[in-house]
Amino acid sequence: MNNNWEFDYSNRYQNDPNGAPQSGAPMNENNNFGGTQPDPMPGAQPPYTPMGMQPPHKPGNGRGKRIACGVLALVLCGAIGFGGGYVGSMVANNGGKTVIYQAAPADSSDSSSSTGMPTDAASMSVEEIAEKVGPSVVEVTTETVSYSNFFGQYVTSGAGSGVIISEDGYIITNNHVIEGASSIKVRLSDKTEYDATLVGTDSKTDIAVLKIEATGLTPAVIGDSDTLKVGEFALAVGNPLGTLGGTVTDGIISALNRDITVNNQTMSLLQTNAAVNPGNSGGGLFNERGELIGIVNAKSDGSDVEGLGFAIPINTAMEVAESLMTTGYVTGRPAMGVSVLAVTDMQTAMQYGVSQMGVYIVQVNEGGAADKAGLEAGDLLVSIDGNAISTTSDVTSILDEHAVGDTIEVQVVRGKQMVEVSLTLQESQPETQTATSEG
């Protein structure tokens, strides 16, 4: 059985019109350690391979177009490191207070039937839930300017979903929906369209926050994903195929805390059998009371697989959103201050001018922890704290076990020499992507 998970990697690389990564293309600042540069050759590493990285059509007139597939190949190992429940308000970057509507605790008598359909007095019918939550779910469209040696400059477009979380225009979506975008637009359920600015984004949890200049919006009521049980009713609302905004599909919570890993990023996700498709990414997963319990981000792409969709638990998503809204990044994460790349085949080795397989440092952040320790671009990582490094996820896993200020021992090969350094981990502060609005 083909167990690939499909995810939307819109514009992750600077691609040429045929979709091939450009040699020497700049690394994504959101993917430094904190964060990992994805392997450039999908399918080179088990257990899963990212799907949906379809290249834009050859532009002809210098422009290409692509619908952003809403979902990814992941198996994110380990729970996201956020504790406690979400507080029902947060302070935005401008110092003003943005109110988030937090659901009251559900009555202990609330339940769902064995079919997942709402049955108690606190529940609503599918029609009532759809009517309640519809205005809170938006369509997100992006444009990304890319370059190639043959075609020069061209534009690719993408589409996904988002959920309004405040009356004054804050919207939560997936990082992969807006990653690399030069412009972002949001369309409400009443078809009103706004230019959006990017408040902050986090590739590790696949969460991003957008802001539109609007008031009196209908925000989703935030539920509590920690109280979910397998078999509970679930309703997915989003923009499948990038053209069918407001689509509603129903199902149940199939499983909790699924460890899913995609492109060396790991997370703990909700599993649902509610139908999700490319373009659903960033949309909402709601419970029987119309409360937002998850942000859809992944599905199985196997031709012989059905009913395997995944969503980021809302408690995790809102913890990340709060940090993005207050600081522009997720605080407290340890980082080495490098970007790394796994070379797993001869084609990639030739592209980067190296002679053997392994995980290489391709960028050292000036003034960062690795720079101060003496690591250099081109170093081949051998081990960290005595743990052998063979994939970029090995680096991520080791860092996840440490805190800012911890000292780690790093062993690298430089030329023909083995070099060992002690490195004090810094706080990861990835540069926030900036998306300019185009009217």
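Here the structure is a predicted model, which means the values were calculated and not measured.

**Student:** What am I meant to see in the overall build of the protein here?
**Tutor:** Helix and strand counts for the protein come out as 6 helices and 24 strands. Every one of the 439 residues in the protein was classed for burial, and the buried ones make up 56%. Long-range contacts, defined as pairs at least 24 residues apart, comprise 69% of the intrachain contacts of the protein with a sequence gap of at least 6. Carbon and sulfur atoms make up 49% of the accessible area of the protein, which amounts to about 17700 Å² in all.

**Student:** Honestly, helix α1 (residues 126-133) in this entry has me stumped. Any pointers?
**Tutor:** Within an α-helix, residues lying three or four positions from one another point in the same direction, as the helix has 3.6 residues per turn. Among the residues of α1, those classed as buried are V126, I129 and V133. End-on, the buried residues of α1 take up no more than an arc of 65°, which puts them together on one face. For α1, the exposed residues set more than 90 degrees away from the buried face come down to E127 and E131.

**Student:** Just checking my understanding: could you explain the sheet that holds strand β7 (residues 183-187) for this structure?
**Tutor:** Strand pairs in the sheet, formed through backbone hydrogen bonds, run parallel or antiparallel to each other. Strand order in this closed barrel of 6 strands is β4-β5-β6-β9-β8-β7, and the pairing throughout is antiparallel. If you compare each strand with its neighbour and ignore which way they point, the axes differ by 40° on average. Here 4 bridges tie strand β6 (residues 170-173) to strand β9 (residues 207-211), and the two strands are oriented antiparallel to one another. Opposite Y170, over in β9, you have K211 as the bridge partner. Docked against the sheet, helix α3 (residues 314-327) engages β6, β8 (193-202) and β9, running at close to 50° with respect to β9.

**Student:** Help me understand the packing of aromatic side chains in this model?
**Tutor:** The description of an aromatic ring pair uses the distance of the two centres, along with the angle that the planes make with each other. Counted by the stated rule, this structure contains 0 aromatic pairs. Stacked on the ring of Y170, the Lys or Arg K211 has its end atom at 5.3 Å from the ring centre.

**Student:** Help me out: how do you make sense of the environment of T227 in this one?
**Tutor:** For T227, the position within the fold is in the loop between β10 (221-222) and β11 (233-238). In the structure, T227 is positioned 66 residues away from I293 in sequence and 9.8 Å away in space, judged by C-alpha atoms.

**Student:** What is the right way to read the pattern of salt bridges from this model?
**Tutor:** Two side chains bearing opposite charge may form a pair once their charged atoms approach each other closely. Using the criterion set out here, one finds 10 salt bridges in the structure. Here K191 ties to E139 by a salt bridge, and the two come within 3.8 Å at their closest N and O atoms. Here K191 is found in the loop between β7 and β8, whereas its partner E139 is found in strand β4 (residues 137-148), with 52 residues between them in sequence. With relative accessibility at 12%, the residue E139 sits in the buried group.

**Student:** So what exactly am I meant to see when it comes to the environment of K299 here?
**Tutor:** Assignment of secondary structure puts K299 in strand β15 (residues 291-300). Remark: the alpha-carbon pair of K299 and P278, spanning 21 residues in sequence, is separated by 8.7 Å.

**Student:** So what exactly am I meant to see when it comes to the confidence of the model for the protein here?
**Tutor:** Residues shown with low pLDDT carry predicted positions that ought not to be read at fine detail. Scored by pLDDT, the protein has a mean of 75; 69% of the residues are at 70 or more. Contacts for the low-pLDDT stretch residues 1-96, under 50 throughout, to residues beyond four places or in other chains number 324 contacts. Here residues 432-439 scores under 50 on pLDDT; set against residues more than four positions off or in separate chains, the count is 29 contacts.

**Student:** Teacher, can you tell me more about unusual backbone geometry here?
**Tutor:** Note: most residues except glycine have negative phi, and most peptide bonds are trans. Here the phi dihedral of D206 falls at roughly 60°; this positive angle occurs in a residue that is not glycine. Along the chain, the position of D206 falls in the loop between β8 and β9. The buried category is assigned to D206, whose relative accessible area is 2%. In this model, L241 sits at a positive phi of 65°, which is unusual for a non-glycine residue. Summarising the element assignment, L241 is placed in the loop between β11 and β12 (247-262).

**Student:** Sorry if this is basic, but what is going on with the nonpolar core here?
**Tutor:** Here is a general trend for soluble globular proteins: nonpolar side chains tend to be buried in one another's company. I172, L292 and I295 are the most contacted members of the largest nonpolar core, which totals 34 residues. Per-element accounting of this core gives the leading share, 7 residues, to α3. If we skip the residues at most four places from it in the chain, I295 touches V163, I172, N174, G282, G283, A311, I312, I314 and A317. Residues V340, V395, V410 and V421 belong to the second largest nonpolar core, which totals 22 residues.

**Student:** Which parts of the structure should I look at to understand the pairing of strand β5 (residues 152-164)?
**Tutor:** For β5, the buried fraction is high: 11 of the 13 residues fall into the buried class. Inspection of the sheet shows β4 paired to β5 by 12 bridges, in the antiparallel sense. Bridge pairing in β5 places V138 opposite G162. The turn joining β4 and β5, which pair antiparallel and follow one another in sequence, is formed by 3 residues. The sheet contact formed by β5 and β6 spans 2 bridges and is antiparallel.

**Student:** What is the right way to read helix α6 (residues 392-400) from this model?
**Tutor:** Inspection of α6 places T392, S393, V395, T396, I398 and L399 among the buried residues, and these make up the whole buried set. The elements touched by buried residues of α6 are β17 (334-335), β18 (338-343), β19 (358-364), β20 (380-384), β21 (387-388) and β22 (407-414).

Analysis parameters
- Residues numbered from 1 in each chain as written.
- Predicted model: local features only at pLDDT ≥ 70, side-chain atom pairs only at ≥ 80, totals over all residues.
- Heavy atoms only, no water.
- Helix = DSSP H or I, 4+ residues; strand = E, 2+ residues; numbered from the N terminus.
- Buried < 20%, exposed > 50% of the residue type's maximum accessible area, 1.4 Å probe, protein only.
- Contact = heavy atoms within 4.5 Å.
- Areas by Shrake-Rupley, 256 points an atom, 1.4 Å probe, with all protein chains shown as cover.
- Arc of directions from axis to C-beta.
- Pairing = 2+ DSSP bridges.
- Axes fitted to C-alpha atoms, helices over the stretch in contact; angles between N-to-C directions.
- Phe/Tyr/Trp six-rings, centres within 6.5 Å; stacked < 30°, edge-to-face > 60°.
- Lys NZ or Arg CZ within 6 Å of the ring centre and 35° of its normal.
- Salt bridge = Lys/Arg side-chain N within 4 Å of Asp/Glu carboxyl O.
- pLDDT = per-residue confidence, 0-100.
- Core = buried A, V, L, I, M, F, W, Y, C linked by side-chain atoms within 4.5 Å.

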